[in-house]
Amino acid sequence: MDELFDTHCHLDEDAFLNERDDVIERAIALGVTRMLSIGTTLASSQRAIELAERELHVRAAVGIHPNYCSGTQPTDWSEICQMARHPLVLAVGETGLDQYWKQTPIELQQDYFRRHIELSWEVKKPFIVHCRDAEPETLLLLEEMSRIAPLCGLMHSFAGSAETARKCLELGLYLSFSGMITYKRNEALLAVATEAPLDRILIETDAPYLAPVPLRGKRNEPAHVRYTLGKLADARQIDRHELATTTTANALRLLGWPAPLA
Ligand SMILES: [Zn+2]
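Every value quoted in this text rests on a predicted model; they were computed, and no experiment measured them.

Some details on the coordination of the zinc ion
Line of reasoning, step 1. For the zinc ion, the protein coordination sphere consists of His8 (NE2), His10 (NE2) and Glu94 (OE), at 2.0 to 2.1 Å.
Line of reasoning, step 2. For His10, a relative accessible area of 2% gives the class buried.

Take a look at the structure:
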């Protein structure tokens, strides 16, 4: 069976309460042998690490989501910096900019976004970007930071334009595609995913959110990443196995996960 890597899920969330082990088992049974559980606050980052310590098939990313920067305590960031060094933490984030929810002033979001990128340089682990209704601002900040040092990271649940995709790729970033590419009236996004270079694309669920068609509207889980894989393979007119192998290899190259799984 093909081994898939769900590069973005939130396994610590309450949507999986009392069912977390089943959700992980279902994923593994369907070949999703690697899941990156993403922190959005200090507490959720801690839970992601705890999960990674318990589950062979789970690793963690630690960070503070742009929507949660406002509620952050002064000591939270220094704790995130320490946690980013944990061997089971493969990435920093999720970070980025969100002008949709407007829960945090943009200046504070930008401040935290820069901190995450600096932390990514410090610990030599890639960063994970959330971008919602903020493409120009996100690109501006990424370009600004790229003038200091090369960027290593990924655009999570990429939903931007072809032009934004091109610029992100130029900056050295990977594009991670979610169930959004399976949605109707998202042809433009599917086209971006179809035209992106094969060696720079990843697949993710963003579970419990963004369930792909035919499960749209339901609670999402890592096992469902195969629908996104299938949609993308069909659109690119390549074999599913080839796309599975390639996207997993891409994720391993970017995020690392050295030890073989038992
Ligand atoms: Zn997320």
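Thoughts on the sheet that holds strand S8 (residues 201–203)
Line of reasoning, step 1. Strands sit in the order S1-S2-S3-S4-S5-S6-S7-S8 across an open sheet of eight strands; the sheet is parallel. Every other strand in the sheet has two partners, leaving strand S1 (4–9) and S8 as the edge strands with one partner each. The average undirected angle you get between the axes of adjacent strands in this sheet is 30°.
Line of reasoning, step 2. Taken together, the four bridges between strand S2 (residues 32–38) and strand S3 (residues 58–62) define a ladder with parallel strand orientation. Bridged to Ser37 within S3 is Ala60.
Line of reasoning, step 3. Strand contacts of helix H1 (residues 20–29): S2 and S3, with the helix running at about 140° to S2, the strand carrying the most contacts.
Line of reasoning, step 4. Strands in contact with helix H5 (residues 135–146) are strand S4 (89–98), strand S5 (127–132) and strand S6 (153–155); relative to S5, the strand with the most contacts, it is inclined by about 150°.

Structural notes on the layout of surface pockets
Line of reasoning, step 1. Taken as a whole, the largest pocket holds about 790 Å³ of empty space.
Line of reasoning, step 2. Looking at the lining of the largest pocket, the elements with two or more residues in it are S4 and S5.
Line of reasoning, step 3. By residue number, the principal contributor to the lining of the largest pocket is S5, which donates four residues.
Line of reasoning, step 4. For the lining of the largest pocket, the residue count by class is 13 nonpolar, eleven polar and eight charged.

As for the UniProt feature "binding site: a divalent metal cation 2" (unreviewed entry) in the protein
Line of reasoning, step 1. Taking the UniProt record as the reference, the feature "binding site: a divalent metal cation 2" (unreviewed entry) is found at His130 and His156. For the annotated residues, spread through 27 residues, the largest C-alpha to C-alpha distance comes to 5.7 Å, consistent with a single compact locus. Those annotated residues from the list above that line the largest pocket are His130 and His156.
Line of reasoning, step 2. Setting aside its immediate chain neighbours within four residues, His130 contacts His65, Pro66, Glu94, Thr95, Gly96, Leu97, Asp98 and His156.
Line of reasoning, step 3. With respect to the helices, strands and loops of the structure, His156 is situated in the loop between S6 and helix H6 (162–170).
Line of reasoning, step 4. By relative accessible area, which is 6% here, His156 ends up buried.
Line of reasoning, step 5. If near-sequence neighbours (up to four positions away) are discounted, His156 is found in contact with His8, Glu94, Ile128, Val129, His130, Ser176, Glu204 and Asp206.

Each value, and the rule that gives it
Residues numbered from 1 in each chain as written. Predicted model: local features only at pLDDT ≥ 70, side-chain atom pairs only at ≥ 80, totals over all residues. Heavy atoms only, no water. Donors = N, O, S within 2.8 Å, 3.2 Å for Na, K, Ca; no water. Buried < 20%, exposed > 50% of the residue type's maximum accessible area, 1.4 Å probe, protein only. Pairing = 2+ DSSP bridges. Helix = DSSP H or I, 4+ residues; strand = E, 2+ residues; numbered from the N terminus. Axes fitted to C-alpha atoms, helices over the stretch in contact; angles between N-to-C directions. Contact = heavy atoms within 4.5 Å. 1 Å grid on protein atoms, 1.4 Å probe; cavity = no way out; pocket = protein on both sides within 12 Å on 5 of 7 lines; lining within 4 Å. Points joined across faces, edges and corners; volume = space filled by probe spheres on them. Nonpolar A, V, L, I, M, F, W, Y, C, P; charged D, E, K, R; others polar. UniProt positions renumbered as here; feature names shortened; annotations may be inferred.

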